[in-house]
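# Residue-level structure breakdown
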Amino acid sequence: MKIGLIGLPTVGKTTLFNLLTGSDMEVTGFSQGKVEANLGIAKIPDERIDFLTKMYNPKKTTYATIEVIDVPGLVRGSSTGKGVGNQFLDNIRKVDALIHVLRAFENDTVIHDEGSIDPMRDIETVNLELLFADLAVIENRIGRIQTSKKVTKENLEELEVLKKCKEGLENGLLIHNLNLSDEENELLKTFSFLSEKPMILVVNMDEKQFMENDYPSKEDLLKFSKGLNTPVIELCIKTELEINQLDFEDRKIFLEDLGITESGIDKLSTTAYDHLGLISFLTAGQDEVRAWPIKKNTTARKAAGKIHSDIEKGFIRAEVCKFRHLQEFGTMAKVKEKGLLTLEGKEYIVEDGDIINFRFNV
Ligand SMILES: Nc1nc2c(ncn2[C@@H]2O[C@H](COP(=O)(O)OP(=O)(O)OP(=O)(O)O)[C@@H](O)[C@H]2O)c(=O)[nH]1
Ligand SMILES: [Mg+2]
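The rules we used
Residues numbered from 1 in each chain as written. Chains lettered and ligands numbered in written order. Predicted model: local features only at pLDDT ≥ 70, side-chain atom pairs only at ≥ 80, totals over all residues. Heavy atoms only, no water. Helix = DSSP H or I, 4+ residues; strand = E, 2+ residues; numbered from the N terminus. Rg over C-alpha atoms; globule rule 2.2 N^0.38 Å. Buried < 20%, exposed > 50% of the residue type's maximum accessible area, 1.4 Å probe, protein only. Pairing = 2+ DSSP bridges. Axes fitted to C-alpha atoms, helices over the stretch in contact; angles between N-to-C directions. Contact = heavy atoms within 4.5 Å. Domains from an automatic or database assignment. Buried area = accessible area lost by both parts, 1.4 Å probe. Salt bridge = Lys/Arg side-chain N within 4 Å of Asp/Glu carboxyl O. Polar contact = N/O pair within 3.5 Å; in protein donor to acceptor, adjacent residues only side chain to side chain. Nonpolar A, V, L, I, M, F, W, Y, C, P; charged D, E, K, R; others polar. Parallel < 35°, antiparallel > 145°, perpendicular 65-115°, else oblique. Left-handed = near helix turned anticlockwise from the far one by under 90°. Phe/Tyr/Trp six-rings, centres within 6.5 Å; stacked < 30°, edge-to-face > 60°. Lys NZ or Arg CZ within 6 Å of the ring centre and 35° of its normal.

### Points about the overall build of the protein
Across its full length, the protein holds 14 helices and twelve strands. What you see for the protein is a C-alpha radius of gyration of 23 Å, in line with the 21 Å of a compact globule of 362 residues. Referenced to the eigenvectors of the C-alpha coordinate spread, the extents of the protein come out at roughly 65 × 65 × 35 Å. Here the protein holds 362 residues, and the buried ones make up 47% of them.

The structure is reproduced here in structure tokens:
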């Protein structure tokens, strides 16, 4: 999975990037002329993988990961070439989801681009930029189809969906809020529209706001996101990053003091998995313990293909142990004794936490 961090300047995108990927990129680097996007890998914590690693003591442990891209802030007018943000929009065209970082924190030394703290206003500003960027592509394409001499049936279908998107965008809706059908989405695929991507909002609070559980325009923001089915995660990014640099015991004390029970990467990965309809199946052995992200409702045979196309082709059976059973009974042998180790065929729908041993022919 690939995610792109977007938002206005100096809202904490690079700080979040550092927190998620364990990097140490310079904050506010872009405002000082940096020109490449930051790319990094976030390891998704998974207690099941920790458990299996203890049990199997494998040569290698592989957690699921998220690729994270951090780009400069967008500004009002980015889509028409203002600021540098729009030059980077192409970097995020290929991501699976956008994380919109919103500034709630107060910090007199870091000036907010719009002069005051109002995350709800900022959502609208950034959405408008995404919307304008998509609208420009759509209008261009519609023009081409309409002036083309040879118009195919597919072109007409495409035109239909594009017009629907155009109308939605003109009414202030993002493409991902238009509830398009699978067929319609398929027709739009080649465009990689920005506003089509699933979005998660991250509110970046300071400690005081976190403790008081309040920040400017909170109520409006939650109401707005609920109406559009857009998840919101509230984090104290800078504080969490600072706490991470402490040694283990101190870390626990500080997190408890602040009432942070779940880390930023935990919250974000759980939310992103859920919002994107992803689950993980697991493989475990002396060589490797590993989490494999797949789409919900994937068949055993397709899941096998994630590991290797030969296993998909030569698929015979999937030996499935539910993680919770292994945890309860302690060993694979016990789970088998209880009759809970099952052999599944190629159409079996893989579930989150299935530990699978594929049997196959090469
Ligand atoms: N007080 C406080 N300051 C923060 C917080 N998060 C980020 N900052 C500060 O705000 C400044 C900007 O943070 P960045 O992470 O560089 O913001 P950005 O969104 O990447 O900025 P651009 O890349 O320039 O668009 C830095 O000086 C951070 O230390 C926070 O939660 N609280
Ligand atoms: Mg930055």
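Now that the structure has been shown, the text picks up again.
### A short note on the sheet that holds strand E6 (residues 199-204)
In a beta sheet, neighbouring strands are held together by backbone hydrogen bonds and run either parallel or antiparallel to one another. The strand order E2-E4-E1-E5-E6-E7 describes an open sheet built from six strands, whose pairing is mixed. Each edge of the sheet is formed by a strand with only one pairing partner; in this case those strands are strand E2 (38-43) and strand E7 (232-235). Recorded for the sheet is a direction-independent mean angle of 25° between the axes of neighbouring strands. Lying on the sheet, helix H7 (residues 218-227) is in contact with strand E5 (97-103), E6 and E7; it crosses E7 at an angle near 145°. Against the sheet, helix H8 (residues 237-244) contacts E5, E6 and E7, and its axis sits at roughly 75° relative to E6.

### Description of the domain arrangement of the protein
Partitioning the protein into structural domains gives domain 1 (2-274) and domain 2 (297-360). Its C-alpha centre places domain 1 at a distance of 34 Å from the equivalent point of domain 2. Summed over both partners, the interface of domain 1 with domain 2 buries about 560 Å², with 75% contributed by carbon and sulfur atoms. The tally of links from domain 1 across to domain 2 stands at one salt bridge. One salt bridge connects arginine 48 with aspartate 352, and the closest N-O pair in it is separated by 3.3 Å. Our count for the contact surface shared by domain 1 and domain 2 stands at one residue pair in polar contact (both at pLDDT 80 or more). Looking at the side of domain 1 that touches domain 2, its residues break down into four nonpolar, no polar and one charged.

### Describing the packing of H8 against helix H9 (residues 248-258)
Running from N to C, H8 and H9 point in directions that differ by 155°, and their axes come no closer than 9 Å. By the angle between their axes, H8 is roughly antiparallel relative to H9. The crossing of H8 and H9 is right-handed. For the pair H8 and H9, the contacting residues are Thr239, Ile243 and Asn244 in the first and Arg251, Phe254, Leu255 and Leu258 in the second. Looking at the contact of H8 with H9 residue by residue, the class counts come to four nonpolar, two polar and one charged.

### Observations concerning the pairing of E6
The buried fraction of E6 amounts to six of the six residues, a majority that puts the element mostly inside the structure. The pairing of E5 with E6 spans six bridges and is parallel. Note that in E6 the partner of histidine 100 across the bridge is leucine 201. As paired strands, E6 and E7 are joined by four bridges and run parallel to one another. If you follow valine 203 over to E7, its bridge partner there is glutamate 234.

### Focus: the pattern of salt bridges
Any two side chains of opposite charge can pair, on the condition that their charged atoms come close. If you walk through the whole model with that rule in mind, you get 21 salt bridges. Put simply, glutamate 212 and lysine 208 hold a salt bridge, and the shortest N to O gap is 4.0 Å. With glutamate 212 and lysine 208 both in helix H6 (residues 207-212), this residue pair falls four residues apart, about one helical turn. The two residues glutamate 212 and lysine 208 agree in class, both being exposed. Glutamate 351 is the partner of lysine 322 in a salt bridge, and the nearest nitrogen-oxygen pair spans 3.0 Å. Taken together, the positions of lysine 322 in strand E10 (residues 315-322) and glutamate 351 in the loop between strand E11 (342-344) and strand E12 (354-360) put the pair 29 residues apart, joining distant regions of the chain. On the basis of relative accessible area, lysine 322 is assigned to the buried category, the value being 14%.

### Examining the packing of aromatic side chains
For the structure shown, the criterion picks out five aromatic pairs. Centroid distance phenylalanine 191 to phenylalanine 193: 5.0 Å. Interplanar angle 15°. Geometry classified as stacked. Both residues of the pair, phenylalanine 191 and phenylalanine 193, belong to the buried class. Among the aromatic side chains, those forming a connected cluster through ring pairs are Phe281, Trp292, Phe315 and Phe358. Sitting over the face of the ring of tyrosine 63, lysine 43 holds its NZ or CZ atom 4.5 Å from the ring centroid. Across the ring face of tryptophan 292, the terminal group of arginine 290 is positioned such that the distance to the ring centre comes to 3.9 Å.

### Considerations on unusual backbone geometry
Even without a glycine there, the phi angle at asparagine 57 is positive, about 45°. Mapped onto the elements of the fold, asparagine 57 is located in the loop between helix H2 (47-56) and strand E3 (60-62). Within the chain, asparagine 229 stands out as a residue other than glycine whose phi angle is a positive 60°. Considering the arrangement of structural elements, one finds asparagine 229 in the loop between H7 and E7.

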